[in-house]
Amino acid sequence: MRRALAAAIGIASIWGALAAFGSTAAIAAPPRGTLTGTEYKELSQQFAAVKRALAGKNVNWGVADTACRRAGTTSPLLKSQRKSCLDDLATIKALVNFVVDQPKCEAAAATSTGTTTTGTTTTGTSTTGATTTGTTTTGGLSSADLQVVVCLDPEYEALSRAATTMYPADAASRKQALVRGFGGTCLATLVDTPADLRHEENFAFTAKHLAADAALLTKISRGQAPTSDVNGTQVVDDATAFDESAKTFLNESSPQKLSVCHHQV
């Protein structure tokens, strides 16, 4: 479902026995690779509602959440699509918040480091009083970089949680679709490809590492951990890996042609 979100932005009918007049009648399962009428209707509504919710410049996340819930819970397929949509939406939202807050944190750090001395080691030329010119470093990171990371620490943590939850949800959604026998363009519309899932797993991995770096740097800035605990080179490497994985994650696309899926009326 995240492919649908990025583009804008399983599985069975209910099986069991039904008691009627003292006898048991089996509910027939839909043919393999075929959506039930209810599944097709609710997924069509979900796809359209999600696209509308994410179309504007200012996304209404409450409306988008409601859009994901247009897929109900009457079958394993619908349940997996619903959860995948909600978890993917949470990750997209966390990324958007990160992008929105990053320039704010950078501006605040630039103002702060231009007038005060922070951190543990200062290189450059210092004047008397509280004003310092030069670069303050912590584990090889400048004072400005450190302040940006600390400022964004809540966003790093939120993104790590969302991405870590998203990957298993999308993997489970694909498994459900395969159990039902979907393939081709229909399968690509419903769920992520194996390559997409690998990219998603890597994105979650890099987000988790960067969140851990941010948490450590935040502790150091508060005097709760020694500066020797941080490896500035590793932090930069983690940030680069995250940036690359995020771009790959967001650049994926998929066909949005639910109409190609065989479905019952």
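Before any of the text, the structure's been laid out above.
Quick summary incoming for the structure in this document. Treat the numbers as computed from the prediction; the structure is a model and nothing was measured.

Moving on, we get to the layout of surface pockets. The computed volume of the largest pocket comes to approximately 460 Å³. Lining the largest pocket are 23 residues, and of these Phe-98, Gln-102, Tyr-156, Ala-239 and Phe-242 sit closest to its centre. Contributing elements (two or more residues each) for the lining of the largest pocket: helix H4 (76-113), helix H5 (143-151), helix H8 (194-221) and helix H9 (232-251). At 9 residues, H9 tops the list of elements feeding residues into the lining of the largest pocket. Its residues assigned to classes, the lining of the largest pocket comprises 17 nonpolar, 2 polar and 4 charged.

A separate point is the state of the cysteines. Enumeration over the complete set of coordinates arrives at 3 disulfides. Across a sulfur-sulfur distance of 2.0 Å, Cys-68 and Cys-85 are joined as a disulfide pair. Measuring the twist about the S-S bond at about -65°, one finds the Cys-68-Cys-85 disulfide to be left-handed. Of this pair, Cys-68 sits in helix H3 (residues 61-68) while Cys-85 sits in helix H4; the two residues are 17 residues apart in sequence, bridging distant segments of the chain. Like Cys-68, the residue Cys-85 is buried in the burial classification. The disulfide that involves Cys-105 links it to Cys-151, with 2.0 Å between the sulfurs. Disulfide Cys-105-Cys-151: torsion about the S-S bond near -65°, hence left-handed. With Cys-105 in helix H4 and Cys-151 in helix H5, this pair connects stretches of sequence that are 46 residues apart. Of the residues examined, Cys-105 reaches a relative accessible area of 4% and is grouped as buried.

A word on the pattern of salt bridges. Evaluation of the coordinates by the stated rule reveals 5 salt bridges. Taking the shortest distance from any N to any O, the salt bridge between Glu-39 and Arg-180 comes out at 2.8 Å. Remark: Arg-180 occurs in the loop between helix H6 (153-179) and helix H7 (184-190) and Glu-39 occurs in helix H2 (residues 37-53); sequence separation between them is 141 residues. For Arg-180, a relative accessible area of 4% gives the class buried.

As a further point, take the environment of Ala-246. For Ala-246, the location among the structural elements is in helix H9. A relative accessible area of 8% means that Ala-246 is categorised as buried. The sequence separation of Ala-246 and His-199 amounts to 47 residues, and the corresponding C-alpha distance is 8.9 Å.

This part covers the packing of aromatic side chains. Applying the stated criterion across every chain yields a total of 4 aromatic pairs. With centroids separated by 5.9 Å and ring planes inclined at 25°, the aromatic side chains of Phe-203 and Phe-242 adopt a geometry described as stacked. With Phe-203 in helix H8 and Phe-242 in helix H9, this residue pair connects regions lying 39 residues apart in the sequence. In terms of burial, Phe-203 and Phe-242 fall into one category: buried. Within the aromatic cluster, the residues linked to one another by ring pairs are Phe-98, Tyr-156, Phe-203, Phe-242 and Phe-249.

Turning next to the environment of Leu-146. As for its position among the elements, Leu-146 is in helix H5. Distance from Leu-146 to Leu-217, taken between C-alpha atoms, is 7.1 Å for residues 71 residues apart in sequence.

All right, on to the packing of H5 against H6 then. The contact between H5 and H6 brings their axes to 4 Å, and the two run at 50°. Between H5 and H6, the angle falls in the class oblique. Packed against H5, whose contacting residues are Val-149, Val-150 and Cys-151, the element H6 presents Asp-153, Pro-154 and Tyr-156 at the interface.

Here we come to the nonpolar core. Tyr-156, Phe-203, Leu-217 and Phe-242 are the most contacted members of the largest nonpolar core, which has 41 residues in total. For this core, the secondary structure elements donating two or more residues are H2, H3, H4, H5, H6, H8 and H9. Tallying contributions element by element places H4 first for this core, with 9 residues. If we ignore the near neighbours within four places in the chain, the residues touching Leu-217 are Leu-141, Leu-146, Val-149, Val-150, Val-230 and Val-235. Counting 13 residues, the second-largest nonpolar core is a separate cluster that includes Leu-35, Ala-177, Cys-186 and Leu-190.

Calculation criteria
Residues numbered from 1 in each chain as written. Predicted model: local features only at pLDDT ≥ 70, side-chain atom pairs only at ≥ 80, totals over all residues. Heavy atoms only, no water. 1 Å grid on protein atoms, 1.4 Å probe; cavity = no way out; pocket = protein on both sides within 12 Å on 5 of 7 lines; lining within 4 Å. Points joined across faces, edges and corners; volume = space filled by probe spheres on them. Helix = DSSP H or I, 4+ residues; strand = E, 2+ residues; numbered from the N terminus. Nonpolar A, V, L, I, M, F, W, Y, C, P; charged D, E, K, R; others polar. Disulfide = S-S within 2.5 Å. Buried < 20%, exposed > 50% of the residue type's maximum accessible area, 1.4 Å probe, protein only. Salt bridge = Lys/Arg side-chain N within 4 Å of Asp/Glu carboxyl O. Phe/Tyr/Trp six-rings, centres within 6.5 Å; stacked < 30°, edge-to-face > 60°. Axes fitted to C-alpha atoms, helices over the stretch in contact; angles between N-to-C directions. Parallel < 35°, antiparallel > 145°, perpendicular 65-115°, else oblique. Contact = heavy atoms within 4.5 Å. Core = buried A, V, L, I, M, F, W, Y, C linked by side-chain atoms within 4.5 Å.

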